[in-house]
Structures are given as structure tokens and as C-alpha cells.
Amino acid sequence: MLNQNVNIAPDLAVEGTLGSLIDGLADVLQKEVEVYGELREAVVQEREVIMKPSPEALHESNTRKETCVLKTRLLEEVRSSLTGRIASHLGIDEGGVTLTGLLSHASPQQRSRLGEYQRILRALVTEIAGMNSRNGLLIDSSIRFSENAMDFLAGLMSGGSVYAESGRLRTSGLNGRICSERG
């Protein structure tokens, strides 16, 4: 079930040492892992909705995913602010800060924690992208099937000429008729 009560923004007003800033970053990454886990579950449930669609289930699925995406955006802003403060503390350009680069400035315990969150996030994002791609293919094939069915039905119901311009019997595009035009 979707956790609506995740505390997204840690207290950014508190100035801290490099260690406390890195701990704050680790806390944000932990929350990102939680949110991406929720998003993963939402994408898994989305596949079930695609297989047995209903308007209510589709709306619920979309709402669940939108909530997760909103949470990730908020966490990204918090993470960006923290990395900017860490970069300032280290005297480096904010654009050059990477999680891997920060590991060298962290304590062994922080390094382990940050590395674990990095590994988990990378795996979650890769898994979600793959599942999203498979769901997209399923939706695309469903749309093509529906379009082909509609074309077939339209071809059955259209009268169309049975003779080509040459006067010969037209052999292509004749699917038959469901309705009789005689009154």
C-alpha cells in the first residue's frame, strides 16, 4: 500500500558539519529508496490493471504513480540542496559533486551506508525502467489489436464497390458484410 505519510523534507535550516550534512544526505537517499520501492510496487500493480482494466483501477494506479513521482521530485530538491551545501563546505563546484566523489569525504560507516543506498537505488531504477518498458509494449499491442479489430469491423460494415475501375471483380479488400443493404 502507498505510504502517504513519508516525511519528505529534513530540517535544512540547521547548519552542520560535513559529517552531519552527509548523514542528512544518507537520510534523504534512504527516503528515496522507500519511495522508489513504492513506485516499483505501483508499476507491478499497473501491469495487473493493464491485463484486467477498469476505469477505477486505472485511475487509482495513475494516482499512485503520480504521488510517487511527486515525492521523488521533492526528495530530489532536498538532495540537490544538501549536495550544494556539501559542495560549499568542501569548496568545490556544486556541478562536480557526485555520490561516488562524496564517499572519499565520508566516514567508513557513512561510506558503507551511502554506497548501499546508491546500489539499491541503481537496481530499483533499472528494474522500474524495464517493467515500465514491458508495460508500454503491452499497452501498444493492446492499442494495435483494438485498432485492427475496429478496421476489420468497419470493413465488414462498409458497402464498397465490388468491381475495380477496369470492370473486373475486385478481389482485395472484400471482407464480407454483416448488414444487408436491401430493405
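Everything numeric here is computed off the predicted structure, so don't read it as measured data. (Residues numbered from 1 in each chain as written. Predicted model: local features only at pLDDT ≥ 70, side-chain atom pairs only at ≥ 80, totals over all residues. Heavy atoms only, no water.)

Core analysis: the biggest nonpolar cluster contains 28 residues, and Ile-22, Leu-25, Leu-29, Leu-82, Ile-86 and Leu-114 have the highest contact counts within it. Only helix H1 (18-51), helix H2 (55-90), helix H3 (99-102) and helix H4 (108-157) provide two or more residues apiece to this core. A total of eleven residues in this core trace back to one element, the largest contributor, which is H1. Excluding residues within four positions of it along the chain, Ile-86 makes contact with Leu-18, Leu-21, Ile-22, Leu-25 and Leu-102. (Core = buried A, V, L, I, M, F, W, Y, C linked by side-chain atoms within 4.5 Å. Buried < 20%, exposed > 50% of the residue type's maximum accessible area, 1.4 Å probe, protein only. Helix = DSSP H or I, 4+ residues; strand = E, 2+ residues; numbered from the N terminus. Contact = heavy atoms within 4.5 Å.)

For the structure on display, the rule yields eight salt bridges. Where Glu-32 meets Arg-79, a salt bridge forms, and the shortest distance between an N and an O atom there is 3.0 Å. On the criterion of sequence distance, the pair formed by Glu-32 in helix H1 and Arg-79 in helix H2 is long-range, its members being 47 residues apart. Close ionic contact of Arg-40 with Glu-127 constitutes a salt bridge, the shortest N to O distance being 2.9 Å. In this pair, Arg-40 sits in helix H1 while Glu-127 sits in helix H4, placing the two residues 87 residues apart along the sequence. When its relative accessible area of 22% is taken as the criterion, Arg-40 is described as partly exposed. Several salt bridges share partner residues, and in doing so they unite Arg-40, Glu-41 and Glu-127 into one network. (Salt bridge = Lys/Arg side-chain N within 4 Å of Asp/Glu carboxyl O.)

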